[in-house]
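Chains, contacts and geometry: an overview
Residue strings, one per chain:
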Amino acid sequence: MQAYIIRRLFQSALLVLIISALVFFILNLAPGGPLSGLKFQISAREYSEASVQRYKELLGLDKPVYLRYFYWLGDMVRGDWGDSWTVSTGRPVLGLIMSRLPNTLTLMISATILSLVLGLLIGIVSAIKQYSIIDTAATVFSFVGISIPTFWFGLMMIVLFSVHFRILPAGGTADFGMENDIGNRIKHLIMPVAVLSLINVAGWSRYVRASLLNVMQQDYLRTARAKGLSGSKVITRHALRNALIPVITLMGLEIPILFGGAIVTETIFSWPGMGRLYFQSLVSSDYPLAQGLLFVTAVLVVLSNLLADIGYAIVDPRVRLS
Amino acid sequence: MSATSATALQAEFGPTTERRSQKQMIWRRFRRHKAAMVGSVILLTMIAIAVFAPLIAPHSPTRISFPFCRDCGPSADHWLGTDSLSRDIFSRLVYAGRVSLSVAFLATTFGTVVGVLVGSFAGYFGGRVEMVLMRITDVMLALPSLPLLLILSKVLGPGFNTIVLVLTLFGWMGVARLVHGSFLSLKGEQFTEAAVALGASSRRIIFIHLLPNSLAPIIVAATLSLGGYIIVEATLSFLGLGIQPPASSWGNMLTGAQAKIFQNPLLTFYPGIAIFLVVLSANFVGDGLRDALDPRGKE
């Protein structure tokens, strides 16, 4: 087990390196380079070959790109993530990201819990009552859930609950002056969490259903029934425990999708988190900030994959051997 | 017993069954999937509208129409009204479908081709080629794709070609895995061994023997990925990093609509329902194809 974890840890570190290198080279080898946005930022009078050169020297962009990658990596490890160029000019990137991290985590953790509860519930009920009305409804729901664009679902929610019924706020984390009011915060959380959860509930419920149906055909379940266990005990004690093993892996794989969803959801609901910050950094060509955010994303994604794999190895001993 | 007498016996004593070709059997199974049939009709209609857009759209999608009329409601001239630049919304929707469907079909084609190539090389050649290719596939699958799609699009300069390129770049892995798995199991089959024994070239074995036998899951995966591409294209365009105005796409029409969400909430409805209908139809068709192409499925 220890060897397995160490091996996976090593692979994860490698993956973070690959992603960070990928992002670094995408940004630095692009036509125009990282300063392509500069001419929009400074006035035309100031923009000249000389000023571009000065900026390049100032930012260390005059050195070869592979060298710069190692400088950058060294700085990142030391905690110097550079300063934001445009979104919050001059502010250290690391501090800026850290100030937004709690908001994003609140959103993601709430969405994950909600998706898990609903996904399991719908999946289990539709597997036990296969081909019933509930099962059919769940099937239709999951098709709708994976076919509806997240951002449009968000917009429709705003139209319905903020514009038409006026019962939920269209954006932000809390009303002005009500930051410490839990009820007000929850009100702001409802729509973003619903939007972020939809696709996961749709996907996970199908997965749980398929997995449970598969397990229910196994011989050991017939044995459990044959020895006289009640229906509910067979399901909870024998079927579910085995059916939920693959769901752990699935959750690890869904985390990257959650990050994508956060960009869209936070942008629509003006939620001051990492996703919206990333979008802003792209729109205003704030490359140090974009790079820092992608680094955090990469670390969190890889970490969650690692946790899912280790969790899987703990509950399913067969994995450790291969 | 010779083959002819067996047929004769069958004709005389056996249960009378109609002779059906493979294609007829697939069509019969597909037809029974009602949602897939409805989906096909909707999808074909949308494709027809996209192809014949100039004949269907009453106005230009990009030109400001006169008499000047900003954010006007539906009228006889403008069926769905006009947007904030006095452009006909219905015409913009029709042309947007053209753009969105073209992007999705191109990305599906390229993504499937790349996936097939990577998967078949890895599956057929094995060894180090397999290890490298499948490791790359796994890493790509573990990447958070939307953030990277956005930054690539930004850096390369957003537009039609860029979006097809980045969608392809992040869309081939599913097919690659599928083909890889399928090739691994087919490599052990006797017809492959026979082909090898007869001295067939690698290219012949891959394209004549292995690939046609992997076709069914590839078709299903490609159909199901179509909807995904449409959603991602719409998302990129909505965020301003996809199809650029004045050209309309369902995604970028929603960007304009969001700004007017309190004044004219209906604007957010039309493009979204178009995306939703097409994607839902594509997913139903994919589901129907999966049932129809599965030889273990019910007769």
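Residues numbered from 1 in each chain as written. Chains lettered and ligands numbered in written order. Predicted model: local features only at pLDDT ≥ 70, side-chain atom pairs only at ≥ 80, totals over all residues. Heavy atoms only, no water.

1. Describing the overall build of chain A
To keep it simple, the criterion reads: Here a helix means four or more residues in a row that DSSP labels H or I, a strand means two or more in a row labelled E, and each is numbered from the N terminus. Accessibility here uses a 1.4 Å probe with only protein chains present; expressed as a share of the type maximum, an area under 20% marks a residue as buried, one over 50% as exposed, and anything in between as partly exposed.
For chain A, the helix and strand inventory stands at 14 helices and zero strands. Counting from the amino terminus, chain A carries its helices and strands in the arrangement α-α-α-α-α-α-α-α-α-α-α-α-α-α. If one aligns the C-alpha atoms of chain A with their principal axes, the spans along those axes are about 85 × 55 × 35 Å. Relative to its full complement of 322 residues, chain A shows a buried share of 48%.

2. Points about the overall build of chain B
Stated precisely, the cut-off is as follows: Throughout, radius of gyration means the C-alpha value; the globule benchmark is 2.2 Å times the number of residues raised to the power 0.38. Here, two residues are considered to be in contact whenever any of their heavy atoms come within 4.5 Å of each other. Only the protein chains shown count as cover for residues, with accessible areas throughout obtained via the Shrake-Rupley method and a probe of 1.4 Å. In this charge count, Lys and Arg are treated as positive and Asp and Glu as negative; neither His nor the chain ends contribute. Taken as the charge location is NZ of Lys, CZ of Arg, CG of Asp or CD of Glu.
The helix and strand inventory of chain B stands at 14 helices and zero strands. Computed over its C-alpha atoms, the radius of gyration of chain B comes to 24 Å, more than 25% above the 19 Å expected for a compact globule of 299 residues. Taken over the C-alpha atoms alone, chain B extends approximately 85 × 55 × 30 Å along its principal axes. Expressed as a percentage of the 299 residues in chain B, the buried residues total 46%. Taking all contacts inside chain B whose residues are at least 6 apart in sequence as the whole, residues at least 24 apart take part in 69%. Here chain B displays about 14900 Å² of accessible surface, and carbon together with sulfur accounts for 66% of that area. Taken as two groups, the 24 positive and 15 negative side-chain charges of chain B have centres that lie 4 Å from each other.

3. Some thoughts on a nonpolar patch on the surface
Residues and elements named next belong to chain B. Applied cut-off: Like-charged residues are merged into a patch within 9 Å and nonpolar side chains (Val, Leu, Ile, Met, Phe, Trp, Tyr) within 5 Å, provided each residue has over 30% relative accessible area and no salt bridge. When a carboxyl oxygen of Asp or Glu is within 4 Å of a side-chain nitrogen of Lys or Arg, the pair counts as a salt bridge.
The grouping of Val-113, Leu-117, Phe-121, Phe-125, Val-129, Phe-207 and Ile-208 at the surface amounts to a nonpolar patch, some 590 Å² of accessible area in total. Elements that contribute at least two residues to the nonpolar patch include exactly helix H5 (89–125) and helix H11 (202–213). Sorting elements by how many residues they give to the nonpolar patch places H5 first, with four residues. Relative to the elements of secondary structure, Phe-121 occurs in helix H5.

4. Quick look at the interface of chain B and chain A
The test is simple: By convention, the term buried area covers the 1.4 Å-probe accessible surface removed from two parts as they join, with the contributions of both added.
The partner chain A presents 40 residues to the 34 residues of chain B that form the contact. Taken together, both faces of the contact between chain B and chain A bury some 3400 Å²; the carbon and sulfur share is 84%. Three residues, Ile-151, Lys-154 and Val-155 of chain B, lead the burial of chain B against chain A; their summed loss comes to 16% of the area buried on that side. Run the count over chain B and chain A and you get zero salt bridges.

5. Details of the packing of H5 of chain B against helix H6 (residues 127–142) of chain B
Residues and elements named next belong to chain B. Keep this limit in mind: Interaxial angle, 0 to 180 degrees, is taken between N-to-C directions of lines fitted to C-alpha atoms, where a helix line uses only the stretch in contact. Whether a crossing is left-handed or right-handed is set by the direction in which the near helix is turned from the far one by less than a right angle, anticlockwise for left-handed and clockwise for right-handed. Residues are sorted three ways: Asp, Glu, Lys and Arg are charged, Ala, Val, Leu, Ile, Met, Phe, Trp, Tyr, Cys and Pro are nonpolar, and all the rest, Gly among them, are polar.
Where H5 meets H6, the closest approach of the two axes is 7 Å, and the angle between their N-to-C directions is 145°. In this structure, H5 crosses over H6, and the sense of that crossing is left-handed. Counted together, Val-118, Phe-121, Ala-122 and Phe-125 of H5 and Gly-127, Val-129, Glu-130, Leu-133, Met-134 and Thr-137 of H6 form the full contact between these two elements. Here the contact of H5 with H6 is composed, by residue class, of seven nonpolar, two polar and one charged.

6. Some points on the nonpolar core
Inclusion rule: In this text, buried Ala, Val, Leu, Ile, Met, Phe, Trp, Tyr and Cys residues form a nonpolar core when linked through side-chain atoms within 4.5 Å.
Ile-97, Phe-151, Ile-268 and Tyr-278 of chain A together with Leu-150, Ile-151 and Ile-275 of chain B are the most contacted members of the largest nonpolar core, which totals 119 residues. Here this core gets 10 residues from one element, more than from any other, and that element is helix H13 (residues 287–315) of chain A. Residue contacts for Ile-97 of chain A: discarding those within four places in its chain leaves Trp-81, Met-274, Leu-277, Leu-289, Gly-292, Leu-293 and Val-296 of chain A. Ile-124, Ala-127, Val-215 and Ala-224 of chain A belong to the second largest nonpolar core, which has 15 residues in total.

7. Quick notes on unusual backbone geometry
The step from Pro-245 of chain B to Pro-246 of chain B runs through a cis peptide bond, and the omega angle for that step is 10°. Among the secondary structure elements, Pro-246 of chain B is positioned in the loop between helix H12 (215–238) and helix H13 (250–259). Phi angles above zero are rare outside glycine, and Arg-166 of chain A is one such case at about 55°. Tracing the sequence through the fold places Arg-166 of chain A in the loop between helix H7 (150–164) and helix H8 (182–216). A positive phi angle, near 50°, is found at Ser-285 of chain A, a position not held by glycine. Secondary-structure assignment places Ser-285 of chain A in the loop between helix H12 (274–283) and H13. Residue class for Ser-285 of chain A comes out buried when judged on its relative accessible area of 11%.

8. Brief notes about the packing of H6 of chain B against helix H9 (residues 173–187) of chain B
All names here are of chain B. It is at 10 Å that the axes of H6 and H9 come closest, and there the two elements cross at 145°. Helix-helix and strand crossings are classified by hand; for H6 and H9 the assignment is left-handed. Where H6 abuts H9, its residues Glu-130, Met-134, Thr-137, Asp-138, Met-140 and Leu-141 lie against Met-173, Ala-176, Arg-177, His-180 and Leu-184.

9. Brief notes about helix H10 (residues 231–243) of chain A
Residues of H10 of chain A that are buried include every one of Val-234, Ile-235, Ala-239, Leu-240 and Ala-243 of chain A, and no others. Taken together, the buried residues of H10 of chain A touch helix H5 (93–128), H8, helix H9 (219–226) and helix H11 (245–268) of chain A.

10. Observations concerning the confidence of the model for chain B
Threshold: For every residue, the pLDDT score states the predictor's confidence, bounded by 0 at the bottom and 100 at the top.
When pLDDT is averaged across chain B, the result is 86; 91% of the residues are at 70 or more. Predicted as a complex, the structure gets a pTM of 0.87 and an ipTM equal to 0.86.

11. Let's talk about the side chain of Ser-281 of chain A
Note on placement: Ser-281 of chain A falls in helix H12. Non-local contacts of Ser-281 of chain A, meaning those with residues more than four positions away in its chain, are made with Val-87, Asp-286, Leu-289, Ala-290 and Leu-293 of chain A.

12. Structural notes on the packing of aromatic side chains
This is how it is decided: When the centres of two rings from Phe, Tyr and Trp lie within 6.5 Å, Trp using its six-membered ring, the rings pair. Their planes under 30 degrees apart give stacked, over 60 give edge-to-face, and anything left gives tilted.
Enumeration according to the criterion identifies 17 aromatic pairs over all chains in this entry. Members of the aromatic cluster, connected to one another through ring pairs, are Phe-24, Phe-25, Tyr-69, Phe-70, Trp-72, Trp-81 and Phe-295 of chain A.

13. Comments concerning the pattern of salt bridges
Enumeration over the complete set of coordinates arrives at six salt bridges over all chains. A salt bridge links Arg-209 of chain A to Asp-135 of chain A, with the nearest nitrogen and oxygen atoms 2.9 Å apart. Remark: Asp-135 of chain A occurs in helix H6 (residues 133–147) and Arg-209 of chain A occurs in helix H8; sequence separation between them is 74 residues. Judged by relative accessible area, which is 12%, Arg-209 of chain A ranks as buried. Classification of Asp-135 of chain A as buried rests on a relative accessible area of 2%. In this structure, Asp-287 of chain B engages Arg-290 of chain B in a salt bridge whose closest nitrogen and oxygen atoms are separated by 3.4 Å. A residue pair is termed a helical-turn pair when its members lie 3 or 4 positions apart in one helix, as Asp-287 of chain B and Arg-290 of chain B do in helix H14 (residues 269–293) at three residues. When its relative accessible area of 41% is taken as the criterion, Arg-290 of chain B is described as partly exposed.

14. A word on the environment of Ser-60 of chain B
In this structure, Ser-60 of chain B sits in the loop between helix H4 (53–56) and H5. Sequence-wise, Ser-60 of chain B and Arg-31 of chain B are 29 residues apart; in three dimensions their C-alpha atoms are separated by 39 Å.

15. What to know about the environment of Arg-100 of chain A
Residues and elements named next belong to chain A. Here Arg-100 is to be found in helix H5. As a C-alpha pair, Arg-100 and Gly-273 span 173 residues in sequence and 4.6 Å in three-dimensional space. In contact with Arg-100, not counting residues within four places along its chain, are Pro-272, Gly-273, Met-274, Leu-277 and Gln-280.

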